[in-house]
Amino acid sequence: MAIPKFAEIKQYIISSIESGEWEESARVPSENQLADLFTCSRMTARRALTELTDSGVLERSQGLGTFVAGRKSQSSMLAIRNIADEIKDRGHGYSVQQWVLEQTVASTTIAISLGLERGAKVFHSILVHCEQGLPLQVEERYVNPELVPDYLLQDFTLQTPHEYLSQVAPLTEAHHTIEAIIASAELQQRLEIPATEPCLQILRRTWSRQGVVSFAKLVHPGSRFKLGGHLTFSK
């Protein structure tokens, strides 16, 4: 079965970048050039460029063109996306290591974050999400068992916690706190980084209509990850 033209263009661009033919900050062909090269409409070429820009592979500069983005993986500050989808959208391989999946007792901080009594039972998971075989994120998550009773029955090597929670407790609200940290020895080992490397930590609480669903701590190596976003303001 023939793949859609926009997907063919995306594969061409990603292959050109990964082969080293197009280096970081290199200008990529315009919509018109891609449309001519692949015998398709400008709209189709625009879709390919837009999707690669949204996933952080490319960067657009109004009036100048589209360029190969920096090699750090980029996530949006303005949206909560499934990390597996983000990595696959960049044309890269995704894999995951499941370290912990257990029931535990909530500390005071976790109990407050989930709106539970101190000492209440909560579900706890730790996963390492990898891009091209390199750790990109350690996800430590505490989940409210009253709202997600089957959390511990899931195999998170087959779907991410984000995917599962989106199905059983659809997101209605989220709160983020972002800060730079130096990772603990345990995090350094899981992220495969030296002790001197700074990390970016995102603390995230999420709600469904029934209440607080989860509290997650997401830690990324500073050398492999950046956050970005674009805001458009009405005149």
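As a convention, each chain's residues are numbered from 1 in the sequence order in which they are written. Confidence filtering applies because this is a predicted model: local features only for residues at pLDDT of at least 70, side-chain atom pairs given and counted only at 80 or more, and all residues used for totals across whole chains, interfaces and linings. With hydrogens and water set aside, each side-chain value is computed from the structure's full complement of heavy atoms.

- As annotated in an unreviewed UniProt entry, the protein carries the name Histidine utilization repressor and comes from Shewanella scandinavica.

### Side note on the overall build of the protein
1) Next: To qualify as a helix, a DSSP run of H or I must reach at least 4 residues; to qualify as a strand, a run of E must reach at least 2; elements of each kind are numbered from the N terminus. Of regular secondary structure, the protein possesses 7 helices and 10 strands.
2) Next: Principal-axis analysis of the C-alpha atoms gives the protein an extent of 65 × 45 × 40 Å.
3) Next: Think of it in three bands: with a 1.4 Å probe and only protein chains considered, a residue is buried below 20% of the maximum accessible area for its type, exposed above 50%, and partly exposed in between. Burial analysis of the protein (235 residues in total) assigns 43% to the buried set.
4) Next: Throughout, a residue-residue contact means that at least one pair of heavy atoms, one from each residue, lies within 4.5 Å. Across the protein, the fraction of contacts at a sequence separation of at least 24, relative to all contacts at a separation of at least 6, is 61%.
5) Next: Of the roughly 13000 Å² that the protein leaves accessible, carbon and sulfur atoms contribute 51%.
6) Next: Each charge sign in the protein was given a centre, from 23 positive and 27 negative side chains, and these centres are 5 Å apart. Computed with the Shrake-Rupley method and a 1.4 Å probe, the accessible areas treat only the protein chains shown as cover for residues. Only four residue types enter the charge count: Lys and Arg as positive, Asp and Glu as negative, with His and the chain ends excluded. A charge is said to be at NZ when it belongs to Lys, at CZ for Arg, at CG for Asp and at CD for Glu.

### Looking at the state of the cysteines
1) Next: Disulfide assignment relies on a single distance test, namely cysteine sulfur atoms paired within 2.5 Å. Inspection of the entire model under this criterion finds 0 disulfides.
2) Next: Residue Cys130 stays outside any disulfide, its sulfur separated by 14 Å from that of Cys199, the closest cysteine.
3) Next: The exposure class of Cys130 is buried, given its relative accessible area of 2%.
4) Next: With relative accessibility at 3%, the residue Cys199 sits in the buried group.

### Notes on the sheet that holds strand E7 (residues 173-182)
1) Next: Pairing between strands is defined by DSSP: at least two bridges between them are needed. If you trace the 6 strands from one edge of the open sheet to the other, you get E4-E5-E6-E9-E8-E7, paired in antiparallel fashion. Because the sheet does not close on itself, it has two edges, and the strands there are strand E4 (94-105) and E7. For this sheet, the mean inter-axis angle between neighbouring strands, taken without regard to orientation, is 15°.
2) Next: Across 9 bridges, the pairing between strand E5 (residues 121-131) and strand E6 (residues 134-143) is antiparallel. Within E6, the position partnered with Cys130 by the bridge is Pro135.
3) Next: An axis is simply a line fitted to the C-alpha atoms; with a helix, the fit covers only the stretch in contact. Between two such axes, the angle follows the N-to-C directions and lies from 0 to 180 degrees. Sitting on the sheet, helix H6 (residues 161-168) touches E5, E6 and strand E9 (211-221), and the angle it makes with E6 is about 35°.

### With respect to the packing of helix H2 (residues 31-38) against helix H3 (residues 42-54)
1) Next: Two elements in contact, H2 and H3, have axes separated by 8 Å at closest approach and are oriented at 115°. On the basis of the axis angle, H2 is roughly perpendicular to H3. Considering only the axes of H2 and H3, their crossing is right-handed. Contact residues: H2 offers Glu31, Asn32, Leu34 and Ala35, while H3 offers Arg42, Ala45, Arg46 and Leu49.
2) Next: A class-by-class count of the residues in the contact of H2 with H3 yields 4 nonpolar, 1 polar and 3 charged. We call two directions roughly parallel when the angle between them is under 35 degrees, roughly antiparallel when it is over 145, roughly perpendicular when it lies between 65 and 115, and oblique otherwise. With the far helix as reference, a near helix turned anticlockwise by less than a right angle produces a left-handed crossing, and one turned clockwise produces a right-handed crossing. Ten residue types, Ala, Val, Leu, Ile, Met, Phe, Trp, Tyr, Cys and Pro, are classed as nonpolar, four, Asp, Glu, Lys and Arg, as charged, and the remainder, Gly among them, as polar.

### What about the nonpolar core?
1) Next: Membership of the largest hydrophobic core comes to 19 residues, with the highest contact counts inside it found for Ile9, Ile13, Ile17, Leu34 and Leu58.
2) Next: For this core, the secondary structure elements donating two or more residues are helix H1 (5-18), H2 and H3.
3) Next: Counting residues per element, this core draws most heavily on H1, which supplies 6 residues.
4) Next: Sequence-distant contacts of Ile9, defined by excluding residues within four places in its chain, comprise Leu34, Phe38, Cys40, Thr44, Ala45 and Ala48.
5) Next: Core analysis: the second largest hydrophobic core is formed by 12 residues, Val100, Cys130, Leu191 and Ile193 among them. Among buried residues, the Ala, Val, Leu, Ile, Met, Phe, Trp, Tyr and Cys ones that are joined through side-chain atoms within 4.5 Å form a nonpolar core.

### Looking at the pattern of salt bridges
1) Next: Each reported salt bridge corresponds to a side-chain nitrogen of Lys or Arg within 4 Å of a carboxyl oxygen of Asp or Glu. By the definition in use, this model includes 8 salt bridges.
2) Next: A salt bridge links Lys10 to Glu51, with the nearest nitrogen and oxygen atoms 2.8 Å apart. Placement of the pair is Lys10 in helix H1 and Glu51 in helix H3, with a sequence separation of 41 residues.
3) Next: Under the relative-accessibility criterion, Lys10 is labelled buried at 14%.
4) Next: With its nearest N and O atoms 3.2 Å apart, the salt bridge here joins Glu31 to Arg42. One end of the pair, Glu31, is in helix H2; the other, Arg42, is in helix H3, with 11 residues separating them in the sequence.
5) Next: According to the relative accessible area criterion, Glu31 is buried, its value standing at 14%.
6) Next: Taking relative accessible area as the criterion, Arg42 reaches 43% and is therefore assigned partly exposed.
7) Next: Salt bridges sharing partners connect three or more residues here, namely Glu31, Arg42, Arg46 and Arg60.

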